[in-house]
Amino acid sequence: MSDRKAPRKKLLKALAGEKANGIPVWLMRQAGRYLPEYRKVRAEAGSFLDLCYTPDFAEEVTLQPIRRFGFDAAILFSDILVVPDALGQKVAFKEGEGPVLEPVTDLAALAKLSSPDVVRGKLAPVYETVTRLSGSLPSETTLIGFAGAPWTVATYMVGGRGSPDQAAAKAWAYRAPDEFQMLIDLLVEATVEHLSAQVEAGAEVLQVFDTWAGSLPELSFERFALLPMKAIRKKLKERFPDVPVIAFPRGAGGMAERYFRETGVTGLSLDTGVSPAWARDNLQKAGCLQGNLDPLLLVAGGAEMRRQALHILETLGQGPFIFNLGHGIVPQTPPEHVAELVRLVQEWRS
Ligand code: CP3
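Now for a look at the structure at hand. Only a predicted model underlies this, so the values are computations on that prediction, with no experimental measurement involved. Each chain carries its own residue numbering, running from 1 in the written order of its sequence. Totals for whole chains, interfaces and linings use every residue, but because this is a predicted model, local features are given only for residues with pLDDT of at least 70 and side-chain atom pairs only at 80 or more, for both listing and counting. Here the side-chain values reflect all heavy atoms present in the structure, with hydrogen atoms and water set aside.

Comments concerning the layout of surface pockets
Here is step 1 of the chain: Cavities and pockets were defined on a 1 Å grid built over protein atoms only: a cavity is a set of grid points that admits a 1.4 Å probe from which the probe cannot escape, a pocket is an open set flanked by protein on both sides within 12 Å along at least five of seven lines, and lining residues are those with an atom within 4 Å of any such point. Grid points are joined across faces, edges and corners, and a volume is the space filled by probe spheres set on the points. What the largest pocket holds in volume is close to 1300 Å³.
Here is step 2 of the chain: Charged residues are taken to be Asp, Glu, Lys and Arg, nonpolar residues to be Ala, Val, Leu, Ile, Met, Phe, Trp, Tyr, Cys and Pro, and polar residues to be all remaining types, Gly included. Broken down by class, the residue content of the lining of the largest pocket amounts to 20 nonpolar, 10 polar and eight charged.

Regarding empty space enclosed by the protein
Here is step 1 of the chain: In the structure shown here, the tally under the stated rule is two cavities of 30 Å³ or more.
Here is step 2 of the chain: As for the largest cavity, its lining consists of Pro 249, Ala 252, Gly 253, Ala 256, Leu 268, Ser 269, Leu 270, Asp 271 and Val 274.
Here is step 3 of the chain: Residues of the lining of the largest cavity, tallied by class, amount to six nonpolar, two polar and one charged.
Here is step 4 of the chain: Its volume calculated, the second largest cavity comes out at about 30 Å³.

Here we look at the packing of helix 9 (residues 150-159) against helix 11 (residues 177-201)
Here is step 1 of the chain: Axes here refer to lines fitted to C-alpha atoms; in helices the fit is confined to the stretch in contact. Angles between the N-to-C directions go from 0 to 180 degrees. Secondary structure elements follow DSSP: runs of H or I of four or more residues count as helices, runs of E of two or more count as strands, with numbering from the N terminus. Here helix 9 crosses helix 11 at 120 degrees, and the two axes come no closer than 9 Å. Taken together, the axis directions place helix 9 and helix 11 in an arrangement best described as oblique. Between helix 9 and helix 11 the crossing geometry is right-handed. When helix 9 is examined against helix 11, the residues Pro 150, Trp 151, Val 153, Ala 154, Met 157 and Val 158 are found in contact with a partner set consisting of Phe 180, Leu 183, Ile 184, Leu 187 and Val 188.
Here is step 2 of the chain: By residue class, the composition of the contact of helix 9 with helix 11 is 11 nonpolar, no polar and no charged. Reported orientations rely on four angle classes, namely roughly parallel under 35 degrees, roughly antiparallel over 145, roughly perpendicular from 65 to 115, and oblique for the rest. By convention, the crossing between two helices is left-handed when the near helix turns anticlockwise from the far helix through less than a right angle, and right-handed when the turn is clockwise. Should any heavy atoms of two residues lie within 4.5 Å, those residues are considered in contact.

Points about the nonpolar core
Here is step 1 of the chain: Residues grouped as a nonpolar core are buried Ala, Val, Leu, Ile, Met, Phe, Trp, Tyr and Cys residues, joined through side-chain atoms within 4.5 Å. Think of it in three bands: residues with accessible area under 20% of the maximum for their type are buried, residues over 50% are exposed, and the middle band is partly exposed, with areas taken using a 1.4 Å probe on protein chains only. Counting residues in hydrophobic clusters, the biggest one holds 127 residues, and the most contacted among them are Phe 180 and Phe 323.
Here is step 2 of the chain: Considering every element that reaches this core, the biggest residue donor is helix 11, with 12 residues.
Here is step 3 of the chain: When residues no more than four places from it in sequence are discounted, the contact partners of Phe 323 are Ile 23, Pro 24, Val 25, Trp 26, Gly 291, Leu 293, Ala 309, Ile 312, Leu 313, Leu 341 and Val 345.

As for the pairing of strand 8 (residues 288-293)
On a regular strand, one side chain projects to one face of the sheet and the next to the other, so that they alternate.
Here is step 1 of the chain: Among the six residues that make up strand 8, six are buried, leaving the element largely enclosed by the rest of the structure.
Here is step 2 of the chain: Whether two strands pair depends on DSSP finding at least two bridges between them. One ladder, built from three bridges, connects strand 7 (residues 267-269) with strand 8; its direction is parallel. Its bridge partner being in strand 8, Ser 269 is matched across the sheet by Gln 290.
Here is step 3 of the chain: This β-α-β element, strand 7 to helix 14 (residues 276-282) to strand 8, shows right-handed connectivity.
Here is step 4 of the chain: As paired elements, strand 8 and strand 9 (residues 321-325) share five bridges and run parallel to each other. Following the sheet pairing, Leu 293 is matched in strand 9 by Leu 325. Clockwise travel from the first strand over the helix to the second, with the strands pointing away from the viewer, marks a crossover as right-handed.

Points about the site of the ligand
Here is step 1 of the chain: The criterion for a residue being near a molecule or strand is simple. One of its heavy atoms has to lie within 4 Å of it. Taken together, the neighbourhood of the ligand is formed by 22 residues, with Arg 33, Tyr 38, Asp 79, Thr 211 and His 327 sitting nearest.
Here is step 2 of the chain: A 3.5 Å cut-off defines polar contacts: any pair of N or O atoms within that distance qualifies, except that in protein one atom must be a possible hydrogen donor and the other a possible acceptor, and neighbouring residues in sequence count only when both atoms are side-chain atoms. Backbone polar atom of Arg 29 to an oxygen atom of the ligand: 2.7 Å apart, as the coordinates give it.
Here is step 3 of the chain: Within the backbone of Ala 31, an N or O atom sits 3.1 Å from an oxygen atom of the ligand.
Here is step 4 of the chain: Computed on the free molecule, the ligand has an accessible area of 870 Å², of which 88% lies beneath the protein chains in the complex.
Here is step 5 of the chain: The pocket occupied by the ligand, as judged from atoms lying within 2 Å of grid points, is the largest pocket.
Here is step 6 of the chain: Among the elements of the structure, helix 2 (36-45) and strand 3 (98-101) are those that each provide at least two residues to the shell around the ligand.
Here is step 7 of the chain: Looking at the shell around the ligand residue by residue, the classes come out as 13 nonpolar, five polar and four charged. Note that accessible areas follow from Shrake-Rupley with a 1.4 Å probe, and for residues the cover is restricted to the protein chains shown. Grid points define the cavity or pocket, and a molecule sits in it when more than half of its atoms lie within 2 Å of them.

These results come straight from atomic positions and should not be treated as a statement about function.
See below:
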């Protein structure tokens with residue numbers, strides 16, 4: 001391989017399985033309400049979806065945490081629910097309530113959704129943001145594109161809102177699995193189009209968020225979390241053989257090892273509940289790991305945050321590894337704690 005082709009960015013090196021000099025770091029939800037500069041742009045934009053669909057605003061809030069903290073990666077500012085929005089299911093973000101959608105709970109409602117090929121046109125402003133970012137990011141910063149996994153997106157589409165137990169989606173998936181599979185298949189296709197368009201616009205790595213994977217029992221996990229991710233990974237590999245894909249099957253627990261191996265993803269993002277030593281011994285040989293500091297340790301800061309961050313680094317830091325949280329940053333996080341955490345990771349040597 002020529003020098004020119006060898007990945008030079010720290011995050012790409014880790015995903016290629018190479019030992020980088022130091023551990024790359026970025027944090028899920030690194031752009032968001034914990035930053036005063038985000039709240040300012042958010043207020044200017046009006047609605048959350050206007051923020052996502054206006055490239056000037058979306059580019060700016062993506063760059064904010066990079067300027068402040070010097071993360072190794074920027075994640076496109078958008079949301080997993082732009083896909084159902086593009087498919088014609090009206091999505092609104094209500095203050096203090098989170099996302100609200102008109103529930104899709106049967107075949108008649110499913111039939112009213114658009115076909116996956118509308119995504120590229122409907123989400124053109126999102127891809128425009130990606131194009132701009134690939135020109136405006138520092139040369140050492142990796143640009144991550146993302147989407148929600150079919151199961152997690154389906155839980156919002158069927159429930160019409162977030163729920164602690166995903167009961168509405170489960171009701172359909174258990175009552176009529178072959179019907180529910182049609183929604184999952186539509187989302188597999190739409191997700192592949194959405195992620196492909198991000199790569200074509202300049203995304204260098206893709207992350208797929210399966211936030212609610214852990215609520216599924218084994219046989220449903222296999223059908224609605226593992227197999228859809230495997231299908232997405234396969235189609236992306238055919239189109240973009242060199243683009244790494246990270247999956248975040250939150251709460252997968254004892255299914256994580258099979259999931260990592262059978263989906264063929266490049267990297268696995270670990271939630272807070274996964275033991276770093278178990279992950280090192282059972283998962284790291286299959287590829288790059290990412291994670292998994294508790295976001296609430298980042299709220300607390302101080303000695304306990306440092307102790308637990310070092311525990312993760314010391315256990316998983318022989319690589320390939322990317323430091324991250326076990327779930328997204330929460331709004332009450334003091335930005336100074338983020339600065340301290342990034343410094344700690346950057347100064348750590350294996
Ligand atoms: O910085 C980044 O990580 C990039 C942007 C990003 C957002 N959402 C912005 C956002 C990403 C990667 C997501 C993913 C996402 N969105 C997930 C999967 C990851 C996870 O956190 O589990 C899920 C389940 C969603 C759906 C979603 N979006 C919910 C449930 C909510 C409401 C809850 C909340 O935090 O308010 C959102 C809104 C949302 N998406 C916000 C942000 C910054 C907050 C909205 C605001 O600013 O008012």
